[in-house]
Number of protein chains: 2
Amino acid sequence: MRDLSKAVGIRAASLYHHFPDKQSLYLDAMEYVFADKAEGITMALNGNGTPFERLEQFVTRFVELMGNDPNFRALLQRELLDGDEARLKLLAERVFIGPFQAIAALAEDLAPDCDPHMLAISMAGLVLFHFETAPIRRFLPGGQPKHNDLKVVAQHVTRLLGKALGEN
Amino acid sequence: MRDLSKAVGIRAASLYHHFPDKQSLYLDAMEYVFADKAEGITMALNGNGTPFERLEQFVTRFVELMGNDPNFRALLQRELLDGDEARLKLLAERVFIGPFQAIAALAEDLAPDCDPHMLAISMAGLVLFHFETAPIRRFLPGGQPKHNDLKVVAQHVTRLLGKALGEN
DNA sequence: GTCTATAGTTTGATAGAC
DNA sequence: GTCTATCAAACTATAGAC
């Protein structure tokens, strides 16, 4: 609260005039940030084109979102790790449901015989894990700076999913 | 430190006789736990069989490890999220290098034309993300209890990777 | 709506007896 | 090697003046 108060230019005690407690402030801020980002992803998914072209669009946008905003990515992963049930329910129902449904719909177009919920999770995880592991990958065999290049990551994921899903 | 002291049955001050500070205690404990788990995965990867059989073996074992030990999975993700450079370097060089090299070698057998470092990351991430998102997936469309079944997750990931990598 | 001052906890760590 | 006692710092939150 003290760090935040410095960042916004008022004293810590004054924050309690605008928010009842720390939890409420965090929750409001989180919802604001996530809703903002989710909109960008949903738009990328509602475009036209073949399923494979839309897959390419989604992967590219999602890679850019995660790569260009490390703080947002860390916040997302912290919520998945530490969020209690009530907070995750709120986050799911108010923010994630839109983009997730769009990804699942794309998944069903790409592979009608596959569980769309599971495939949607796989598609997102495939992108996210490359960024989640970025700080440790430099110390692992074969790690190169190019593996942090957004275009290289997007191409790798797109090709892998394309081959897995028939590339039609 | 106080919680831990209760768990082990001595007073908090006594912990400082065995470890110089909280960081050292945490680091020692972490290294012990990770080394223990990494051995199991490496063994599953050094078996015989066709590349696809070894892929099936790896995915099954990795899914079981993450599914049966949620605390270990959370610890792994917390390190990736919060670990400073020195700690991640130590973790990578002393613990992860073994299993990672084995996964990368399998990746090269499965797809010689693909970057083995990137494919290894994708293989691990595909498994991990299904567990990382477990607490929020119940609130997302299409989420069912069976998606937390270890066999269902293993089969989904194996099929997806099998199709992507030619299944030979 | 912001401030100063401070209450009430909790934390990591130390001193020194036994 | 474990204990009691305690320190110094940091934290969330409140009280009350302006």
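Owing to the predicted nature of the structure, the values given are computational and were not obtained by experimental measurement. (Residues numbered from 1 in each chain as written. Chains lettered and ligands numbered in written order. Predicted model: local features only at pLDDT ≥ 70, side-chain atom pairs only at ≥ 80, totals over all residues. Heavy atoms only, no water.)

1. Thoughts on the overall build of chain A
The condition is simple: In DSSP terms, a helix is any run of H or I states spanning at least four residues, a strand is any run of E spanning at least two, and both are numbered starting from the N terminus. Note on classification: 1.4 Å probe, protein chains only; a residue is buried when its accessible area is under 20% of the maximum for its type, exposed when over 50%, partly exposed between these limits. Working rule for contacts: check all heavy atoms of both residues, and any pair within 4.5 Å makes them a contact.
A count of helical and extended segments in chain A gives nine helices and zero strands. The order of α-helices and β-strands along chain A, N terminus first, is α-α-α-α-α-α-α-α-α. Across the 168 residues of chain A, 46% fall into the buried class. Taking the contacts inside chain A whose residues are at least 6 apart along the sequence as the reference set, 63% of them involve residues at least 24 apart.

2. Focus on the interface of chain A and chain B
The condition is simple: What counts as buried area is the accessible surface, traced by a 1.4 Å probe, that two parts surrender upon association, with contributions from both included. A pairing counts as a salt bridge when a side-chain nitrogen of Lys or Arg comes within 4 Å of a carboxyl oxygen of Asp or Glu. We define a polar contact as two N or O atoms separated by no more than 3.5 Å, with the added condition that, inside protein, one atom must be a possible hydrogen donor and the other a possible acceptor, whereas residues neighbouring each other in sequence contribute only through side-chain atom pairs. Amino acid classes used here: Ala, Val, Leu, Ile, Met, Phe, Trp, Tyr, Cys and Pro are nonpolar; Asp, Glu, Lys and Arg are charged; the rest, including Gly, are polar.
Each partner contributes to the interface: chain A provides 48 residues, whereas chain B provides 48 residues. Roughly 4,700 Å² of surface becomes buried between chain A and chain B when both sides are summed, with 73% attributable to carbon and sulfur atoms. Looking only at chain A, the three residues that lose the most surface to chain B are A:Leu81, A:Met118 and A:Phe139, adding up to 14% of its buried area. Put simply, chain A and chain B have six salt bridges between them. In this structure, A:Asp82 and B:Arg78 form a salt bridge, with 2.6 Å as the shortest nitrogen-oxygen distance. Applying the counting criterion to the chain A and chain B interface returns 15 residue pairs in polar contact (both at pLDDT 80 or more). Where the side of chain A that touches chain B is concerned, the elements lending two or more residues are helix 5 (70-82), helix 6 (85-110), helix 7 (116-132), helix 8 (134-137) and helix 9 (150-164) of chain A. Tallied by class, residues from the side of chain A that touches chain B come to 26 nonpolar, eleven polar and eleven charged.

3. A few points about the protein's contact with DNA strand D
Here is the rule: Note on terminology: near, applied to a residue and a molecule or strand, indicates that one of the residue's heavy atoms is within 4 Å of it.
As a structural note, the neighbourhood of DNA strand D is formed by A:Met1, A:Arg2, A:Ala13, A:Tyr16, A:Asp21, A:Lys22, B:Ile10, B:Arg11, B:Ala13, B:Ser14, B:His17 and B:His18. Protein-proximal atoms of DNA strand D, defined as those within 4 Å of the protein, fall in sugar or phosphate at a share of 58%. At a separation of 3.4 Å, a phosphate oxygen of DNA strand D approaches a polar backbone atom of A:Met1. Between A:Arg2 and DNA strand D, the recorded distance is 3.3 Å, taken from a side-chain N or O atom to a base oxygen. Mapped onto the surface near DNA strand D, the elements with two or more residues apiece are helix 2 (12-18) of chain A together with helix 2 (12-18) of chain B. Ranked by the residues each element gives to the surface near DNA strand D, the list is headed by helix 2 of chain B, at four residues.

4. Some points on the protein's contact with DNA strand C
As a structural note, the neighbourhood of DNA strand C is formed by A:Ile10, A:Arg11, A:Ala13, A:Ser14, A:His17, A:His18, B:Met1, B:Arg2, B:Ala13, B:Tyr16, B:Asp21 and B:Lys22. One nitrogen or oxygen atom from the side chain of A:His17 is found 3.1 Å from a phosphate oxygen belonging to DNA strand C. Elements supplying a minimum of two residues to the surface near DNA strand C: helix 2 of chain A together with helix 2 of chain B. Among the elements that line the surface near DNA strand C, the one with the most residues is helix 2 of chain A, at four residues. In terms of residue class, the surface near DNA strand C is made up of five nonpolar, three polar and four charged.

5. A short note on the packing of aromatic side chains
Residue and element names in this part refer to chain A. Put simply, the test is: Here a pair means two rings of Phe, Tyr or Trp (six-membered ring of Trp) with centres within 6.5 Å. Their orientation is stacked below 30 degrees between planes, edge-to-face above 60, and tilted elsewhere. Counted as over-ring charges are cases with an Arg CZ or a Lys NZ within 6 Å of the ring centre that also lie within 35 degrees of the ring normal.
Inspection of the entire model under this criterion finds six aromatic pairs over all chains. Members of the aromatic cluster, joined through ring pairs, are Phe34, Phe72 and Phe96. When the ring centre of phenylalanine 72 is taken as origin, the NZ or CZ atom of lysine 37, which lies over that ring, is 5.8 Å away.

6. Let's talk about helix 3 (residues 22-45) of chain A
Residue and element names in this part refer to chain A. The cut-off we apply is this: Between the first and last residue of a helix there are one fewer steps than residues, each counted as 1.5 Å, and that sum is the expected span.
Spanning 24 residues, helix 3 covers 35 Å between terminal C-alpha atoms, matching the ideal 34 Å at 1.5 Å per step. Taken together, the buried positions of helix 3 are Leu25, Met30, Phe34, Ala38, Ile41, Thr42, Ala44 and Leu45. Contacts from the buried residues of helix 3 go to helix 1 (2-8), helix 4 (51-68), helix 5 and helix 6.

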